[in-house]
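# Overview (structure and organization)
What follows is each chain in one-letter form.
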Amino acid sequence: QVQLVESGGGSVQPGGSLRLSCASSLSIFELPSMGWYRQAPGKQRESVAVITRSGSTTYENSVQGRFTISRDAAKSTVYLQMNSLQPGDASVYYCTAASRATQYWGPGNQVPVSS
């Protein structure tokens, strides 16, 4: 019952920046947590960044200090600001939202990182 609309994906060069947006059909305060996962070819999907209902954040080790997850309650939207992008960050990024019983997924944003 939760719809996630993603935007902001695209190709960037190493060292560049990109901001992903994820608009939820449900208030972000009605969800225990929201976040971003990524999945590269041949690899399993992994958690990148998570923000809880209380506002606490958690990051995957390789993106710590470069990525920032934030939220805009008025727009029911979470953002992933990605700075200093590296080739290793190239992946499909998926927005996710967790309720008590279900984890919801956005359609995914392709983020190639190359020169």
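Quick summary incoming for the structure in this document. (Residues numbered from 1 in each chain as written. Predicted model: local features only at pLDDT ≥ 70, side-chain atom pairs only at ≥ 80, totals over all residues. Heavy atoms only, no water.)

## Here we look at the pairing of strand 6 (residues 67–72)
As paired elements, strand 6 and strand 7 (residues 77–82) share six bridges and run antiparallel to each other. Bridged to R71 within strand 7 is V78. Linkage of strand 6 to strand 7, two consecutive antiparallel strands, is achieved through a turn of four residues, within which S76 is found at a positive phi near 50°. (Pairing = 2+ DSSP bridges. Helix = DSSP H or I, 4+ residues; strand = E, 2+ residues; numbered from the N terminus.)

## Topic: the environment of S115
Mapped onto the elements of the fold, S115 is located in the segment after strand 10 (109–111). By relative accessible area, which is 88% here, S115 ends up exposed. For S115, the contacting residues outside a window of four places in its chain are Q13 and P14. (Buried < 20%, exposed > 50% of the residue type's maximum accessible area, 1.4 Å probe, protein only. Contact = heavy atoms within 4.5 Å.)

## Considering the state of the cysteines
Inspection of the entire model under this criterion finds one disulfide. Two residues, C22 and C95, share a disulfide whose sulfurs are 2.0 Å apart. Looking down the S-S bond of the C22 and C95 bridge, the torsion is -80°, so its handedness is left-handed. Taken together, the residues span a long stretch of sequence, with C22 in strand 2 (residues 18–24) and C95 in strand 8 (residues 91–98) at a distance of 73 residues. By relative accessible area, C22 is classed as buried at 0%. A relative accessible area of 0% places C95 in the buried class. (Disulfide = S-S within 2.5 Å.)

## What about unusual backbone geometry?
Apart from glycine, the bulk of residues carry a negative phi angle, and the bulk of peptide bonds sit in the trans form. In this model, S76 sits at a positive phi of 50°, which is unusual for a non-glycine residue. Looking at the element boundaries, S76 is found in the loop between strand 6 and strand 7. Classification of S76 by relative accessible area gives buried; the value is 17%. Residues other than glycine seldom take positive phi values, yet S84 does so here, at roughly 50°.

## Here we look at the sheet that holds strand 1 (residues 4–7)
A sheet is described by the order of its strands in space; here four strands give the open sequence 1-2-7-6, paired in antiparallel fashion. The open sheet has two free edges, formed respectively by strand 1 and strand 6, since each of these has just one partner strand. Here the strands of the sheet are splayed against their neighbours by 20° on average, with no regard to which way each runs. Two elements, strand 1 and strand 2, share four bridges in a ladder whose sense is antiparallel. Considered in strand 2, the bridge of E6 is made with C22. (Axes fitted to C-alpha atoms, helices over the stretch in contact; angles between N-to-C directions.)

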